[in-house]
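Chains, contacts and geometry: an overview
Read off the chains here:
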Amino acid sequence: MIIISTYVKPGKNLEFDNAPDFLVACMRQRRTLQGISPTSVMTDFISLREYLQWLTVYQKTGMSPQTAQELRAIDLLSMTLDEAINVTRNDIETYLFFCADTLGNSTATRHKKLAAVRCFYNYVLDQNDVLRTTLEHNPADAIKNPKLPKKQPIYLPEVERTSLLDAVAGNNVERDYAILLLILSCGLRVSEVVNITIKDVNFTAGIIKIHGKGNKERLAYPTPACLDALKRYCEDYRAIATDDQNPNAPFFVAKKTGQRITTRMIERIMQKCVNAAGIGGMGYTPHKLRHTTATILAKDGVDLLAIQQILGHESPTTTQIYTHLGSEDIEKAVNQSSLMSLGIPNK
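Because the structure is predicted, anything quoted here is derived from the model rather than measured.

**What to know about the overall build of the protein**
Of the regular secondary structure elements, the protein holds 16 helices and three strands. Expressed as a percentage of its 347 residues, the buried residues of the protein come to 43%. For the protein, the share of sequence-separated contacts (at least 6 apart) that also reach a separation of at least 24 residues comes to 65%. For the protein, the exposed area adds up to about 19200 Å²; of that, 51% sits on carbon and sulfur atoms.

**So, the sheet that holds strand E1 (residues 201–202)**
Read across the sheet, three strands follow the order E1-E2-E3 without closing on themselves; strand pairing throughout is antiparallel. Of all the strands in the sheet, just E1 and strand E3 (217–220) have a single pairing partner and so form its edges. Examined bridge by bridge, strand E2 (residues 207–211) and E3 share four bridges and lie antiparallel to one another. Along E3, the bridge assignment pairs Ile-210 with Arg-218.

**Things to note about the packing of aromatic side chains**
What characterises a pair of aromatic rings is the spacing of the ring centres plus the angle enclosed by the ring planes. For the structure shown, the criterion picks out eleven aromatic pairs. A centroid spacing of 6.5 Å and a plane angle of 20 degrees characterise the contact between Tyr-51 and Trp-54, whose relative ring orientation is stacked. Here the residue Tyr-51 and the residue Trp-54 both occupy positions in helix H2 (residues 38–61), the gap between them amounting to three residues, near one helical turn. Judged by relative accessible area, Tyr-51 falls into the buried class, the value being 0%. We classify Trp-54 as buried; its relative accessible area is 0%. Ring geometry for Tyr-233 against Phe-252: centres 5.1 Å apart, planes inclined by 35 degrees, an arrangement best described as tilted. A residue pair is termed long-range when its members are at least 10 positions apart, and Tyr-233 in helix H11 (residues 224–237) and Phe-252 in the loop between H11 and helix H12 (263–276) qualify at 19 residues.

**A closer look at the packing of helix H1 (residues 21–32) against H2**
Two elements in contact, H1 and H2, have axes whose closest approach is 10 Å; the angle formed by their N-to-C orientations is 160 degrees. Taken together, H1 and H2 sit at an angle that is classed as roughly antiparallel. Between H1 and H2 lies a crossing of right-handed hand. Residue-level contacts link Phe-22, Leu-23, Met-27, Arg-30 and Arg-31 of H1 to Pro-38, Val-41, Asp-44, Phe-45, Leu-48, Arg-49 and Leu-52 of H2. Its residues assigned to classes, the contact of H1 with H2 comprises eight nonpolar, no polar and four charged.

**Observations concerning the pattern of salt bridges**
As enumerated under the stated definition, the model contains ten salt bridges in all. Between Arg-89 and Glu-93 there is a salt bridge, and its shortest N-O distance comes to 3.0 Å. Note that Arg-89 and Glu-93 are positioned in helix H5 (residues 89–101) at a spacing of four residues, about one turn of the helix. The partly exposed category is assigned to Arg-89, whose relative accessible area is 42%. Residue Glu-93 is classed as partly exposed on the basis of its relative accessible area, which comes to 31%.

**Remarks on the state of the cysteines**
Two cysteines form a disulfide when their sulfur atoms are joined by a covalent bond. Under the counting rule described, the total for this entry stands at zero disulfides. Take Cys-119: it sits in no disulfide, and the sulfur closest to it among the cysteines is that of Cys-26, at 7.9 Å. By relative accessible area, Cys-119 is classed as partly exposed at 30%.

**Here we look at H5**
Compared with the 18 Å implied by 1.5 Å per residue over 13 residues, the 18 Å span of H5 between its first and last C-alpha is a close match. Within H5, burial applies to Asp-91, Ile-92, Tyr-95, Leu-96, Phe-98 and Cys-99. Angularly, the buried residues of H5 cover 155 degrees about the axis, an arc narrow enough to put them on a single face. Opposite the packed face of H5, turned more than 90 degrees from it, sit the exposed residues Phe-97 and Asp-101. Summarising the contacts, the buried residues of H5 are in contact with H2, helix H3 (68–72) and helix H6 (107–126).

**Regarding the packing of H2 against H6**
Contact geometry for H2 and H6: axes closest at 9 Å, N-to-C directions at 80 degrees. Taken as axis vectors, H2 and H6 run roughly perpendicular relative to one another. Residues Asp-44, Ser-47, Leu-48, Glu-50, Tyr-51 and Leu-55 of H2 lie in contact with H6, whose contacting residues are Lys-113, Ala-116, Val-117, Phe-120 and Tyr-121. In the contact of H2 with H6, the residues fall into seven nonpolar, one polar and three charged.

**Points about the environment of Ala-178**
Tracing the chain through its elements places Ala-178 in helix H9 (residues 173–186). We classify Ala-178 as buried; its relative accessible area is 0%. Expressed as a C-alpha distance, the spacing of Ala-178 and Tyr-233, which sit 55 residues apart in the sequence, is 6.7 Å. Apart from residues no more than four positions distant in its own chain, Ala-178 is found in contact with Ala-229, Leu-230, Tyr-233 and Phe-252.

What counts, and where the lines are drawn
Residues numbered from 1 in each chain as written. Predicted model: local features only at pLDDT ≥ 70, side-chain atom pairs only at ≥ 80, totals over all residues. Heavy atoms only, no water. Helix = DSSP H or I, 4+ residues; strand = E, 2+ residues; numbered from the N terminus. Buried < 20%, exposed > 50% of the residue type's maximum accessible area, 1.4 Å probe, protein only. Contact = heavy atoms within 4.5 Å. Areas by Shrake-Rupley, 256 points an atom, 1.4 Å probe, with all protein chains shown as cover. Pairing = 2+ DSSP bridges. Phe/Tyr/Trp six-rings, centres within 6.5 Å; stacked < 30°, edge-to-face > 60°. Axes fitted to C-alpha atoms, helices over the stretch in contact; angles between N-to-C directions. Parallel < 35°, antiparallel > 145°, perpendicular 65-115°, else oblique. Left-handed = near helix turned anticlockwise from the far one by under 90°. Nonpolar A, V, L, I, M, F, W, Y, C, P; charged D, E, K, R; others polar. Salt bridge = Lys/Arg side-chain N within 4 Å of Asp/Glu carboxyl O. Disulfide = S-S within 2.5 Å. Expected span 1.5 Å × (residues − 1). Arc of directions from axis to C-beta.

In short, the description is geometric, and any link to function would need to be established separately.
Next up, the structure:
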């Protein structure tokens, strides 16, 4: 069965099933030459496979598939590159309408799918000398991105942050507390947490090397309380690690197996603590802890470019969503500004 979802957690080996050779080549280039993460590559692959399946039906019938099930059944192995590039702007816009109307995709999902389609045709243009196609321009370039609704990121207020950390309990308390506090103090992604190795943590200097998206590295600076939590975790857990003498061994491990923890395990840790703290049902996930870090830094007046580097964002535009202000912040800012003197007669 071909999955319609645009997100998947791939294993070590990326498997591009039901895909023509040109699509596989495109995905491998994105992974090996452009350094795109396996998760992002698979997300793009699933989006492009879906697009090409839709295109196959549309080119033969002049109509979109009636259902998602019909779309899943399309075999792509015999599709040619010439068929894939024989499209117009209107064709791609029709596909996006299909995504919204038949698949029920959100604006954000359609935005990502259009970006994947645009990347594919850019790849073809870049490889024209090798592929020898007749493509002269990217048919997706003229299409405006679906307008994304502006939403303030969800974050944990101070009381709920404290409640969350206080709720950590059980046989894995040292590890779980260290993980949650690390994400909060450094704004890490869960994938970055699980990829930390023993050699990445330098307690003497108080820094951790982080392996971010696109194989990009940066340094994280845990708070003193976080460093203490990490040391307590080491005392409790490192003895059970299966490969403790290997500097490339994972830093965070499962207590039962001594093997590297997974992103799913961190999600379960978070959910367990959220429920125990009585703040369930509010959309709090590990990634919301990252939002919380950025929000705290922004409210404390930290420079936007510094926040960008702390979070490992490629573009400052991504970081700008954290400059949101609540109504109390806005009222306080106005009351403390020189605006309050406007209209007051001089005496």
